[in-house]
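# Coordinate inspection notes
For reference, the chains in residue letters:
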Amino acid sequence: MTDKFSKFGFKPTVYQNHLNLPISAGSVQYRISTLRSVFEQIEASQNTHRDLMIELDEQQQELTKNDESDENYDYSFNDELIDLEFNFYRVNRVSSVLSLYSYLENTLNRFCHQKQRQHDLSISVLDLSGNGIIRCKTYLEKFNLVNFSDPVCNGAWSNLINLNKLRNALAHAEGDLENSRHLDIKKVTKIKGLTLFGTTVMISRDYVTDTMEEVEKFLVHICKN
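Right, let's walk through the structure included here.

## Some thoughts on the side chain of arginine 93
As for its placement among the helices and strands, arginine 93 is situated in helix H4 (residues 76-118). Contacts of arginine 93, omitting those with residues within four sequence positions, involve Phe39, Glu43, Glu85, Ile203, Ser204, Arg205 and Val208.

## A look at helix H8 (residues 205-224)
In a regular helix each residue adds 1.5 Å, so 20 residues correspond to 28 Å; H8 covers 29 Å between its end C-alpha atoms and thus fits that length. Looking at H8, one finds that the buried residues are Tyr207, Val208, Thr209, Thr211, Met212, Val215, Glu216, Phe218, Leu219, Val220, His221 and Ile222.

## What to know about the layout of surface pockets
Where empty space is left in the structure can be found by rolling a water-sized probe over the atoms. Volume-wise, the largest pocket comes out at about 190 Å³. Taken together, Asn159, Leu160, Asn162, Leu163, Ile191, Lys192, Tyr207, Asp210, Thr211 and Glu214 form the lining of the largest pocket. The set of elements that each furnish at least two residues to the lining of the largest pocket consists of helix H6 (151-173) and H8. Tallied by class, residues from the lining of the largest pocket come to four nonpolar, three polar and three charged.

## With respect to the environment of tyrosine 139
Note on placement: tyrosine 139 falls in helix H5 (residues 132-142). Linking tyrosine 139 and aspartate 127, residues 12 residues apart in sequence, is a C-alpha distance of 9.4 Å. Setting aside residues up to four positions removed in sequence, tyrosine 139 forms contacts with Cys112, Gln116, Leu121, Ile123, Ser124, Val125, Leu128 and Leu145. A distance of 2.7 Å separates a polar side-chain atom of tyrosine 139 from the backbone oxygen of isoleucine 123.

## Focus: the pairing of strand E2 (residues 200-203)
Residue alternation in E2 divides its side chains into two sets, Thr200 and Met202 and Val201 and Ile203, and both sets are buried. Hairpin connection between strand E1 (residues 194-197) and E2: a loop of two residues separates the two successive antiparallel strands, and glycine 198 in this loop has a positive phi of roughly 70°.

## So, H6
Here H6 contains 23 residues, and its C-alpha end-to-end distance of 34 Å stays within 8% of the 33 Å for a straight helix at 1.5 Å per residue. The largest bend in H6 is about 30°, located at tryptophan 157. Glutamate 174 lies just past H6 and shows a positive phi near 55°.

## Looking at the packing of aromatic side chains
Across all of its chains, the model carries six aromatic pairs by this definition. A ring pair is formed by phenylalanine 148 and phenylalanine 218, whose centres lie 6.1 Å apart and whose planes are at 45°; its orientation type is tilted. Remark: phenylalanine 218 occurs in helix H8 and phenylalanine 148 occurs in the loop between H5 and H6; sequence separation between them is 70 residues. Per residue, the accessibility class of phenylalanine 148 equals that of phenylalanine 218, and both read buried. Ring centres 6.1 Å apart and planes at 50° place the aromatic pair tryptophan 157 and phenylalanine 218 in the tilted group. Of the two residues, tryptophan 157 is situated in helix H6 and phenylalanine 218 in helix H8; the sequence distance between them amounts to 61 residues. By the burial criterion, tryptophan 157 is buried, and phenylalanine 218 matches it. A cation over a ring is seen here: lysine 137 above phenylalanine 148, with NZ or CZ 5.2 Å from the ring centre. In this arrangement the basic side chain of lysine 142 is found over the ring face of phenylalanine 143, its NZ or CZ atom lying 5.9 Å from the centre.

Each value, and the rule that gives it
Residues numbered from 1 in each chain as written. Predicted model: local features only at pLDDT ≥ 70, side-chain atom pairs only at ≥ 80, totals over all residues. Heavy atoms only, no water. Helix = DSSP H or I, 4+ residues; strand = E, 2+ residues; numbered from the N terminus. Contact = heavy atoms within 4.5 Å. Expected span 1.5 Å × (residues − 1). Buried < 20%, exposed > 50% of the residue type's maximum accessible area, 1.4 Å probe, protein only. 1 Å grid on protein atoms, 1.4 Å probe; cavity = no way out; pocket = protein on both sides within 12 Å on 5 of 7 lines; lining within 4 Å. Points joined across faces, edges and corners; volume = space filled by probe spheres on them. Nonpolar A, V, L, I, M, F, W, Y, C, P; charged D, E, K, R; others polar. Polar contact = N/O pair within 3.5 Å; in protein donor to acceptor, adjacent residues only side chain to side chain. Pairing = 2+ DSSP bridges. Bend = angle between axes of the 7 residues up to and from the residue. Phe/Tyr/Trp six-rings, centres within 6.5 Å; stacked < 30°, edge-to-face > 60°. Lys NZ or Arg CZ within 6 Å of the ring centre and 35° of its normal.

Spatial relationships are all this shows, so hold off on functional conclusions.
Encoded structure:
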């Protein structure tokens, strides 16, 4: 545990609950690396099986490409791929997105409390109206604690708002946009890494890893400035 912590710039002498550690660039990098590691290990655990199903399905297509009907085509491989996509990969990716957003929101709230103590501010982030990451942004801007107009923050914020909308759609409607007003169907296809299966949001592996990188870059940046 000590070695894992030390490479990110801090080194506890005894085991510490990471949720109690001060918010810093090092604590952010450590936590994101943990989320990324768990996600990738689970994702990789079924990749060999998926690759086999893809190979078998491609063989079926080649063997039956000259058939006048599809009565000899074995759809079981394709069906298993669809089942794998919905019941394994999507579950893992949804879980990772929800965990990542929870970490982002909690970290920003704790960062606001940390700054309140440092600057001896009488107003807490909880005293402001609104909620979530938007309330945190309002608080940090109100007291000039973070410059959200700089290139890093400005570039990341629109993606974090999309993450917020996706999180709400997943948390309240399991990503079925027919039953959610949090994320517009037309906008989904414009977000890199998100697609639709009917009205259900599908999440690519790259969306998860890219968003983890975006959250890490943003939080590390505000910790250092």
